[in-house]
Protein chains: 2
Amino acid sequence: MDKVKRGERLAVMSRVLTATPNKIYTLSYFCEMFSAAKSTISEDTAILARTFRTFRMGTIETVTGAGGGVRYRMSGNVVNARPFVSGLCQRLMDRDRILPGGYLYLSDMLSEPDTVRQLGELIAAEYYDTPADFILTMETKGIPVALETAAALHLPLVIARRSIKVYEGGTVNISYVSGGGQIEMMSLPKRAVQQGQNALIVDDFKRGGGTARGMVSLMAEFGIKVTGACFVLSVRGSQRVVEDEKAVMVLDPIVDNRTATVRPGAWIK
Amino acid sequence: MDKVKRGERLAVMSRVLTATPNKIYTLSYFCEMFSAAKSTISEDTAILARTFRTFRMGTIETVTGAGGGVRYRMSGNVVNARPFVSGLCQRLMDRDRILPGGYLYLSDMLSEPDTVRQLGELIAAEYYDTPADFILTMETKGIPVALETAAALHLPLVIARRSIKVYEGGTVNISYVSGGGQIEMMSLPKRAVQQGQNALIVDDFKRGGGTARGMVSLMAEFGIKVTGACFVLSVRGSQRVVEDEKAVMVLDPIVDNRTATVRPGAWIK
């Protein structure tokens, strides 16, 4: 292969690093890819770091020590978080979204690939330093955001289900009291997780917290600790389920079925 | 801002274009971003296109005419498709994966962010030229791959559900015969889609095709045409549901509950 020029190397490194956030690549990996010296790649990395900072596209970090190298992280400045979340809040306050029983119609937003990717990146940025071996969500609507969060953190996604499916193999099941006051079931395949792991919960909506508490109990059955929980939308005043709990948006309880007030979570900068 | 160097521009353009596959950016967009002349950005685009081709990272394309500009597409060479899919087939042939009733345990694979992203890109690359206004999937296990396909095609994702939820608002519902022979229900919010649109089905598993036929009927209720369907795994010999139907992997019917034979679909290069 002909000698690869700096601009070409930067384009490739930009692509490789951002395609797999939080994954560490050794400098040797790029040295081999471009048949270039370590000093050259080191300089490329510095230029890339500076460029990403200037254009607010996240962080290119050098990790030192054994297992070190370079990685990309979506830091809080990737998406301009506050205006992005404020825009979602505005959309949610549309009167047509209020559904019987004080619910808000969210489904469309939660299946827009651009929106869920930005939400996932936003949530991931807050949890880079929280110990977690996997992201836990409950089917169905939370899956897209949870998946994008998992991708941004370079962690597996584990999905709890509402029913036992033959194709899951052996499962552990618990009963829990849902928001509606009914007793419901939550199920997870035995082979999905391991004792002693840490879980980070990501879900779409929290009202009374029944489902979230169910997820914590389910994890307890497996000997797994829940180190954090983040919801796309939670109702103001609902009881905390874990200590490190956040919501991207907070909904005031809907009292008259006509007005929904939704605000960005206080941590959204 | 200081003058941005070529290498820095290439790093930023690489990041912006690959973060939103199939989305067209005008040259003016980048001219403004970098305070650079159109001829400069044009040259940058050519370098980027050549570099992406050399390193098999997909295609940077120039689209001419009104609404033209530059876009990134994951063409078939992004992932080295054949070895990637063969690797998945190998994993699926593990004896422990065979479940009662001739099912295969797939859930772990379908919630690995890296795997589903590659699957989504692989599927998307086959459907760039198929008319589709949205990706349709059925909850639950197909959602991650369907979402990644939708992201790669820059299309919305629409999720059909097995039950009616209060928070969905008005829904259209149909009954269909599932693989197990039971009559099941499928439901979609009225506001999710519009008459006259085209749908591309992406789902995890097809056996008898009952669910897929259900999805086609559901679309017919809305006056929507299904222009293609792609499954992660389908059982060999199952009847086609739409003309343009593909599977990433094909499973021979499991006869003795001991051996699963899984091969890449014929279209996987």
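Residues numbered from 1 in each chain as written. Chains lettered and ligands numbered in written order. Predicted model: local features only at pLDDT ≥ 70, side-chain atom pairs only at ≥ 80, totals over all residues.

## Side note on helix α2 (residues 27-34) of chain A
All names here are of chain A. Taken as a whole, α2 has its buried residues at Leu-27, Phe-30 and Phe-34. Within α2, the buried residues cover an arc of 70° as seen down the axis, which keeps them to one side. In this structure, α2 carries Ser-28 and Glu-32 as exposed residues pointing more than 90 degrees from its buried face. Contacts from the buried residues of α2 go to α1 (6-19), α3 (38-54) and β2 (69-73). Positioned one or two residues after α2, Ser-35 has a phi angle of 50°, which is positive. (Buried ≥ 20, exposed ≤ 12 C-beta atoms within 10 Å, placed from the backbone. Helix = DSSP H or I, 4+ residues; strand = E, 2+ residues; numbered from the N terminus. Arc of directions from axis to C-beta. Contact = placed C-beta atoms within 7 Å.)

## As for the sheet that holds strand β12 (residues 262-264) of chain B
The strands making up a sheet associate through backbone hydrogen bonding, with each pair oriented either parallel or antiparallel. Residue and element names in this part refer to chain B. In space, the six strands of this open sheet follow the order β6-β5-β9-β10-β11-β12, with mixed pairing throughout. The outermost strands of the open sheet, each flanked by one partner alone, are β6 (157-160) and β12. Across this sheet, the average inter-strand angle for adjacent strands is 25°, counted without regard to direction. With eight bridges joining them, strand β9 (residues 198-206) and strand β10 (residues 225-235) adopt parallel strand pairing. (Pairing = 2+ DSSP bridges. Axes fitted to C-alpha atoms, helices over the stretch in contact; angles between N-to-C directions.)

## Quick notes on the interface of chain A and chain B
With 44 residues of chain A at the contact, the number on the chain B side is 44 residues. For the side of chain A that touches chain B, the secondary-structure elements that each account for two or more residues are α1, α3, α5 (113-126), α6 (143-153) and β6 (157-160) of chain A. Per element, the largest residue contribution to the side of chain A that touches chain B is ten residues, and it comes from α1 of chain A. For the side of chain A that touches chain B, the per-class residue count stands at 26 nonpolar, nine polar and nine charged. (Nonpolar A, V, L, I, M, F, W, Y, C, P; charged D, E, K, R; others polar.)

## As for unusual backbone geometry
Residue Glu-139 of chain A is joined to Thr-140 of chain A through a cis peptide bond whose omega torsion reads 5°. Tracing the backbone shows Thr-140 of chain A in the loop between β5 (134-138) and α6. In this structure, Ser-35 of chain A is a non-glycine residue whose phi angle is positive, near 50°. Under the C-beta neighbour-count criterion, Ser-35 of chain A is labelled exposed, with 10 such atoms within 10 Å. Despite not being glycine, His-154 of chain B has its phi angle at roughly 60°, a positive value. Within the fold, His-154 of chain B resides in the loop between α6 (143-153) and β6. Overall, His-154 of chain B belongs to the partly exposed group, with 17 C-beta atoms counted inside 10 Å.

## A word on helix α4 (residues 81-92) of chain A
Residues and elements named next belong to chain A. Taking 1.5 Å per residue, twelve residues should reach 16 Å; α4 reaches 17 Å between its end C-alpha atoms and fits that length. Among the residues making up α4, those that are buried are Ala-81, Val-85, Leu-88 and Cys-89. Along α4, the residues classed as buried sweep out an arc of 100° about the axis, all on the same side. Relative to its buried face, α4 has exposed residues pointing more than 90 degrees away, namely Pro-83, Gly-87 and Gln-90. (Expected span 1.5 Å × (residues − 1).)

## Some remarks on the sheet that holds strand β11 (residues 245-251) of chain A
Residues and elements named next belong to chain A. Here we have six strands laid out as an open sheet, ordered β6-β5-β9-β10-β11-β12, and mixed in their pairing. Either end of the sheet is taken by a strand with one partner, and the two such strands are β6 and β12 (262-264). Across the sheet, the axes of successive neighbouring strands diverge by a mean angle of 25°, strand direction being ignored. Sheet topology note: the β5/strand β9 (residues 198-206) ladder contains three bridges and is parallel. Paired with Ile-135 across the strands is Leu-200, a residue of β9. Along the sheet face, α6 touches β5, β6, β9 and β10 (225-235) and points at about 175° away from the line of β5. Against the sheet, helix α7 (residues 210-221) engages β5, β6, β9 and β10, with an angle of about 160° to β9.

## Observations regarding the relation of the copies chain A and chain B
Least-squares fitting of chain A to chain B yields an RMSD of 0.1 Å, with the superposition described by an axial translation of 0.0 Å and a rotation of 180°. Both copies of the chain, as the preceding transformation shows, are related through a two-fold rotation axis. Residue Gly-7 of chain A, judged by its C-alpha, is the member of chain A lying nearest the rotation axis, at 1.8 Å. Most of the interface of chain A is mirrored in chain B, where 100% of its interface residues are also at the interface. (Least-squares fit on C-alpha atoms with pLDDT ≥ 70 in both.)

## Observations regarding the pairing of β5 of chain A
Residue and element names in this part refer to chain A. Counting buried positions over the five residues of β5 gives four, a clear majority of the element. Where β5 meets β6, four bridges bridge the pair, whose relative direction is parallel. Paired with Leu-136 across the two strands is Val-158, which belongs to β6. Each parallel crossover has a hand, and for β5 linked through α6 to β6 it is right-handed. (Right-handed = clockwise from strand over helix to strand, strands pointing away.)

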